[in-house]
Amino acid sequence: MNTVSYAAPTTLDALVRMLAERGDDVTLVAGGMSVMPLLNRGIGRRDRLVTLNRVVGLDTIEADEDEDDLVIGATVTHARLAADERVHRHCRVLADAAGGIGDPQVRNRGTLGGALAYANPGADELTALTALTATVVLDSSQGTRRVPVAEFLLGAQRTARRPDEVVTAVRVPRAPAAGFARLGRVQGAPPTITAAAVRQGERLRVAVGGVASRPVTLTCVPHALEAEIRAAALHAPDPIVDDPFNPPDYRRAMAVVMTRRASRLALDRR
């Protein structure tokens, strides 16, 4: 029988001390919607688990008036994001993205921090956060650092988080005029293509997930959107090519369709 070491720290200080000592040897767990299936397949350390669910302060949603950011704790669930009035007012596109994830069980257990740490290509919230130019907050025994989400996501299941760090929050700028669209083949399964668009004056900032190992981003005027998306998707680094049900040409074509839908929503909102 395998022995499992399980820890449930209640403070951030205790957690980061633990990571400073044994960060390379532990698996962090919150909702477990991404981590547990991997562990069941023998991927990752199953003998040393640390849960984040009892750490005080990681499940809050607060407004930072000085920077006009919404600060969302890492263990806030997808269901809570989808329902929270402050998220709807501040950045509705993130609530829209969270509301379509998986099924009710996944939305009620899965967390924003877990989605970021897992870094699944095309994940709903990651595409929205990239378009929103959100910032990931990481804590360690050395202090706190902020990393733009576009720099935090390095590829499929690869992030800029160091072993001694933990994602504690995401800072999201205000974006009332934004839209989100999702293409999925099977209800409850990860999406094939996601697209988010944020209006900035006469221009659109767009992120598309599912074409490559991390979201493809660009900023352009609406009338040039489709041509720019086609070019960006065609030349995206590390494209997804190993899916027989959704080949690259199909993904690129659907990227244009989903981006068009997300952009129309962004242009229609005030």
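The structure this text deals with has already been given above.
The model shown is predicted, which means the values in this text are computed figures rather than measured ones. As a convention, each chain's residues are numbered from 1 in the sequence order in which they are written. Under the rules for a predicted model, residues below a pLDDT of 70 receive no local features and side-chain atom pairs below 80 are neither given nor counted, while totals for whole chains, interfaces and linings still include all residues. Calculated side-chain values reflect all of the structure's heavy atoms, with hydrogen atoms and water omitted.

**Student:** Got a minute to help me understand the sheet that holds strand β5 (residues 69-73) in this structure?
**Tutor:** For sheets, the rule is that strands pair by backbone hydrogen bonds, running either parallel or antiparallel. Criterion used throughout: strands pair if DSSP finds at least two bridges between them. Only DSSP runs of H or I reaching four residues or more are called helices, and only runs of E reaching two or more are called strands; each is numbered from the N terminus. With antiparallel pairing, five strands are arranged side by side in an open sheet as β4-β5-β10-β6-β7. Edge positions in the sheet fall to β4 (61-64) and β7 (143-148), since each of these pairs with one other strand and no more. Pairs of neighbouring strands in the sheet enclose a mean axial angle of 25 degrees, with direction left out of account. Where strand β6 (residues 135-140) lies against strand β10 (residues 166-173), five bridges are found, and the strand directions are antiparallel. To get an axis, a line is fitted to the C-alpha atoms, and for a helix only the part in contact is used. The angle between two axes follows their N-to-C directions and goes from 0 to 180 degrees.

**Student:** Would you explain the nonpolar core in this entry?
**Tutor:** Note that soluble globular proteins tend to have their nonpolar side chains buried in a common cluster. Put simply, buried Ala, Val, Leu, Ile, Met, Phe, Trp, Tyr and Cys residues joined by side-chain atoms within 4.5 Å make one nonpolar core. Burial status follows relative accessibility: with a 1.4 Å probe on protein chains alone, a residue under 20% of its type maximum counts as buried, one over 50% as exposed, and anything between as partly exposed. If you look at the biggest cluster of nonpolar residues, it comprises 39 residues, and the most contacted ones within it are I72, L94, L129 and V172. The greatest single-element share of this core, amounting to seven residues, is contributed by helix α4 (residues 85-99). Once residues lying within four places of it in the same chain are set aside, the contact partners of I72 are T60, I61, L81, L94, L112, T168, A169, V170 and V172. Within the second largest apolar cluster, 24 residues are counted, among which are L183, L204, V211 and A236. Residue contacts are counted whenever heavy atoms from the two residues lie within 4.5 Å of one another.

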